[in-house]
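Results of the structural survey
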Amino acid sequence: MTDARDIATEVGMLAPEGTHDPGLPPAGIRRAPEGVDGLTTEHLIINMGPQHPSTHGVLRMIVEMDGEEIVSAEASIGYLHRGIEKLAEHRRYNALGTLMDRGDYVSGIHGELASALAVEKLMEIEIPRKADYLRVLLSEINRIASHLVWFGTFGLDTGAMGQFLYAMRDREFLVDILESITGSRMMFNYVRPGGVLADLPVGMDAQIREFSDGFDAYLQEHHELLGGNEIFQHRVKGIGTIDRDSALAFGLSGANLRGSGVAFDVRRDRAYSAYDDMEFDVPVGSTGDAWDRYMVRMEEMRQSNRMIRQCLDGMPEGGFTAKVPKVLRPPAGEVYAAVESSRGETGIHLVSQGGDTPYRFHYKAPSLAVLQALEEILPGHLLADVVMIIGSTDIMLGEIDR
Amino acid sequence: MAIDRFTGENSIAFIKLEQLFDVARRNSLWYMAFGIACCAIEGLMSASGPRFDFDRMGVFFRASPRQADVMIVAGTVNQKMAETVKTLYDQMPEPKWVVAMGACACTGGPFREYPNVVLGVDQIVPVDVYIPGCPPRPESVQYGFMQLQDKIKKQTEDRLAARRDSR
Amino acid sequence: MLPDATVVKHILAEAGLADTDVQETTLGLVCTVAPAEVAPAFAALKDSELDFVMLVDLMGTDTGEDIELSYHLRSFTRDEELHVKCTVAYDAEIASVWNAYPSALMPERETAELLGLTLSGHPNPKRLLTVDGVEPLLRKSSLIRTLQEVRER
């Protein structure tokens, strides 16, 4: 039976006798300063996860607490380390999408798109404009689906349960559309180097438009249900603030970075696919608290809906894939390609040595930076806020552990 | 005839207590919320959502293993996670069942070649129902649960038959 | 998008790194330095006019003879990106750059663990993703399971 001191030693919070390096920050169980009437208390170490209803995957947070307040927090990950980077060295280039699908599994299209763009950049393949539009269309549909999952579970993290079912209902519309186009509800394997798997089926344009026309009203309803709730606002406003300098220093990206006031969006500033044709606004927050991140993501869903309509209206004629060889052999070289996924900047750093499999495939996951920032900002908050702050940053353990 | 439901050999009036408990267990299988990876989104979240509604089968999640009947292992188990899975399985009170959902929990899945991955959760805990797929559709998970209900019914009948034959 | 190579060379020369190798490749602008020069190079680049405030990511590659580390820097005010590379031997000790860029904290732990390096100057140099006793899995010498091993599970 392990007790708290064993766990503390294991994670390094309580250094074994004689091993503490005086040059490093202090570690160990500290006694709280003497309080009223000479009362002293010890800090309590609580283990959250890896099995936990609200950690958005198998995350283990070890928090040291002084009463209800957090003194320090450490994240322990690796419970989902499946070797995406290692296995990619043994897969052909057009099969890398299947691995990326399972990294950030809620927004699979973005991962596939990143690896396809990396291969196309290295091989200098020009793809038909229609394929670009199809990629953007599905990227934005996937972004809304992913943000709906975030919206449902973020409310659950604060204790609200109704919005989860509404979010899942809307997500089912989108997943039906994705299933009709790609063949699968989740692991799409749709975006390939050279283009996409197939064109839109007959009648899909009308089905997407039907969803898109009604979605703005649904989104307003969802916002009023959760965001208009005063209890939710009190729990979320002013909590979990990441200021602008910290956000830049910790390498955040996506809605987390924009919520802290840095207006950087890979779709606009490093435009790829057909995003140079799209008109959209990039919402930016001001204070960097959880409420700003919530508002940024809600507005992003509305902008994605706008882009879906633009894609359908402006869909060009042509083929959906370029003519690429069955076995791709990029020339030797390195390339970095990034996309704006629902969680931030998903980047692929690909090293090729001319063979038919990558030499090195590095997957830059946006959620890993967030975890480092969390260890820094959690001290000072209450235990109930931990779950809410993790939910507001929308991390995904599949891509953190890779 | 309708009245045979109340009289006769297999009727409610003569139902054994064990059969009654068996009916109760089968129709309220509460699973422990233990989503490791991608299958959690499909089999736990979507299946419990408004479209595929697990609740109509009496199935919904409990956060603590102490209150759960079924552990749905949804996702890849690796060496670091294996100890946690075993601990959680041990913490569940009897009677308990394990459902291996998805290719990763059945036999290792698309990541089977990586040395850090355990080739199926049945290397760690005994599994009752295997649901293949990557990820399996929510309807497949519900079908898997129906198979589990049949298995529980069969286990009870076997137990009662053995007791009857040994007397 | 790409910073001026002469400006980068000038800034690094002022920090004491004479005549660094700065080239333009398919990756972008790549600057190669010695492992001991990485920390002073970052300190100089961060505070300079080029304003590289963010370390986007770092990765290590097993080239077969040694390990090549690659750091990716980004400047938002000037919208420019720079890659810095250095080469270390197997089982070498690398100095952490977290003082200049805290976003290196976890990627350095992961790179050290999966490629078999040791970290110095890091506040928490423990393993990140695997349990104790696992070999460096990203090295080319670490093999994945064969079909036979999988079939006979």
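Each value, and the rule that gives it
- Residues numbered from 1 in each chain as written.
- Chains lettered and ligands numbered in written order.
- Predicted model: local features only at pLDDT ≥ 70, side-chain atom pairs only at ≥ 80, totals over all residues.
- Heavy atoms only, no water.
- Helix = DSSP H or I, 4+ residues; strand = E, 2+ residues; numbered from the N terminus.
- Contact = heavy atoms within 4.5 Å.
- Areas by Shrake-Rupley, 256 points an atom, 1.4 Å probe, with all protein chains shown as cover.
- Buried < 20%, exposed > 50% of the residue type's maximum accessible area, 1.4 Å probe, protein only.
- Patch = residues over 30% accessible without salt bridge, like charges linked within 9 Å, V, L, I, M, F, W, Y side chains within 5 Å.
- Salt bridge = Lys/Arg side-chain N within 4 Å of Asp/Glu carboxyl O.
- Phe/Tyr/Trp six-rings, centres within 6.5 Å; stacked < 30°, edge-to-face > 60°.
- Lys NZ or Arg CZ within 6 Å of the ring centre and 35° of its normal.
- Pairing = 2+ DSSP bridges.
- Axes fitted to C-alpha atoms, helices over the stretch in contact; angles between N-to-C directions.
- Domains from an automatic or database assignment.
- Buried area = accessible area lost by both parts, 1.4 Å probe.
- Polar contact = N/O pair within 3.5 Å; in protein donor to acceptor, adjacent residues only side chain to side chain.
- Nonpolar A, V, L, I, M, F, W, Y, C, P; charged D, E, K, R; others polar.

As for the overall build of chain A
- Regarding its fold elements, chain A presents 15 helices and eight strands.
- Taken along the three principal axes of its C-alpha coordinates, chain A extends 80 × 50 × 40 Å.
- Restricting to contacts in chain A with at least 6 residues of sequence separation, those with at least 24 account for 71%.
- Carbon and sulfur atoms make up 51% of the accessible area of chain A, which amounts to about 14,300 Å² in all.

Considering unusual backbone geometry
- Cis geometry marks the peptide bond from B:E94 to B:P95, where omega comes out at -10 degrees.
- Within the element layout of this structure, B:P95 appears in the loop between α3 (79-91) and β4 (97-101).
- Along the chain, B:C134 connects to B:P135 via a cis peptide bond; the corresponding omega equals -10 degrees.
- In this fold, B:P135 is placed in the loop between β5 (129-131) and α5 (138-166).
- Unusually for a residue other than glycine, A:N189 sits at a positive phi of about 50 degrees.
- Along the polypeptide, A:N189 turns up in the loop between α6 (162-182) and β4 (191-192).
- On the accessibility criterion, A:N189 (24% relative accessible area) is partly exposed.
- Of note in this structure, B:D53 is not a glycine but carries a positive phi near 25 degrees.
- In this fold, B:D53 is placed in the loop between α2 (39-46) and β2 (61-62).

Points about a nonpolar patch on the surface
- A cluster of nonpolar residues, B:L17, B:L20 and B:F21, forms a patch on the protein surface that exposes about 310 Å² of accessible area.
- Assessed through its relative accessible area of 42%, B:L20 is described here as partly exposed.

Describing the packing of aromatic side chains
- Throughout the structure, instances matching the rule amount to 17 aromatic pairs over all chains.
- With centroids separated by 5.4 Å and ring planes inclined at 80 degrees, the aromatic side chains of C:F42 and C:Y101 adopt a geometry described as edge-to-face. Placement of the pair is C:F42 in helix α2 (residues 38-47) and C:Y101 in the loop between β6 (93-95) and α3 (105-115), with a sequence separation of 59 residues.
- Given a relative accessible area of 0%, C:F42 falls into the buried group.
- What links up through ring pairs into an aromatic cluster is the set A:W150, A:F154, A:F232, A:W291 and A:Y294.
- The ring of A:W150 carries A:R297 above its face, with NZ or CZ at 5.1 Å from the centroid.
- Seen from the ring of C:Y101, C:K46 lies directly overhead, with NZ or CZ sitting 5.4 Å from the centre.

Some remarks on the sheet that holds strand β1 (residues 21-25) of chain C
All names here are of chain C.
- Spatial ordering of the open sheet is given by β1-β2-β5-β4-β3, a layout of five strands whose pairing is mixed. Sheet topology places β1 and β3 (54-62) at the edges, where each strand pairs with a single neighbour. Pairs of neighbouring strands in the sheet enclose a mean axial angle of 25 degrees, with direction left out of account.
- Pairing between strand β2 (residues 28-32) and strand β5 (residues 80-88): three bridges, direction parallel. Within the sheet, the bridge partner assigned to V30 lies in β5 and is H83.
- Those strands touched by α3 are β3 and β4 (67-75), and its axis lies near 0 degrees from that of β3.

Considerations on the domain arrangement of chain A
All names here are of chain A.
- Domain parsing of chain A yields domain 1 (4-76) and domain 2 (84-401).
- Centre-to-centre, using C-alpha coordinates, domain 1 lies 34 Å away from domain 2.
- Each side of the interface is counted separately: domain 1 has 20 residues, and domain 2 has 17 residues.
- With both sides pooled, the region where domain 1 packs onto domain 2 buries about 1,600 Å², and carbon together with sulfur makes up 71% of that total.

Thoughts on the sheet that holds strand β6 (residues 333-341) of chain A
Residue and element names in this part refer to chain A.
- If you trace the three strands from one edge of the open sheet to the other, you get β6-β7-β8, paired in antiparallel fashion. Bordering the open sheet on either side are β6 and β8 (360-364), each of which pairs with just one other strand. When the angles between neighbouring strand axes are averaged without regard to direction, this sheet yields 15 degrees.
- Together, β6, β7 (344-352) and β8 form the strand contacts of helix α4 (residues 108-123), whose direction differs from that of β6 by roughly 150 degrees.

Concerning the pattern of salt bridges
- Using the criterion set out here, one finds 49 salt bridges over all chains in the structure.
- One salt bridge connects A:R91 with B:E113, and the closest N-O pair in it is separated by 3.3 Å. Taken as a pair, A:R91 in the loop between α2 (84-88) and α3 (96-101) and B:E113 in the loop between α4 (102-107) and β5 lie in two separate chains rather than in one.
- We note a salt bridge from A:E345 to C:R74, for which the minimum N-O separation is 2.7 Å. Remark: C:R74 occurs in strand β4 and A:E345 occurs in strand β7; the pair is interchain, linking two chains. Each of the two residues, A:E345 as well as C:R74, counts as buried.

A few points about the interface of chain A and chain C
- Residue-level contacts link 43 residues of chain A with 46 residues of chain C.
- Together, the buried faces of chain A and chain C total about 3,500 Å²; carbon and sulfur atoms form 59% of this surface.
- Scanning the region where chain A abuts chain C turns up seven salt bridges.
- On the surface where chain A and chain C come into contact, there are 22 residue pairs in polar contact (both at pLDDT 80 or more).
- Looking at the side of chain A that touches chain C, the elements that each hand over two or more residues are β3 (69-76), α2, α9 (244-249), β6, β7, β8 and α13 (366-377) of chain A.
- In terms of residue class, the side of chain A that touches chain C is made up of 21 nonpolar, eight polar and 14 charged.

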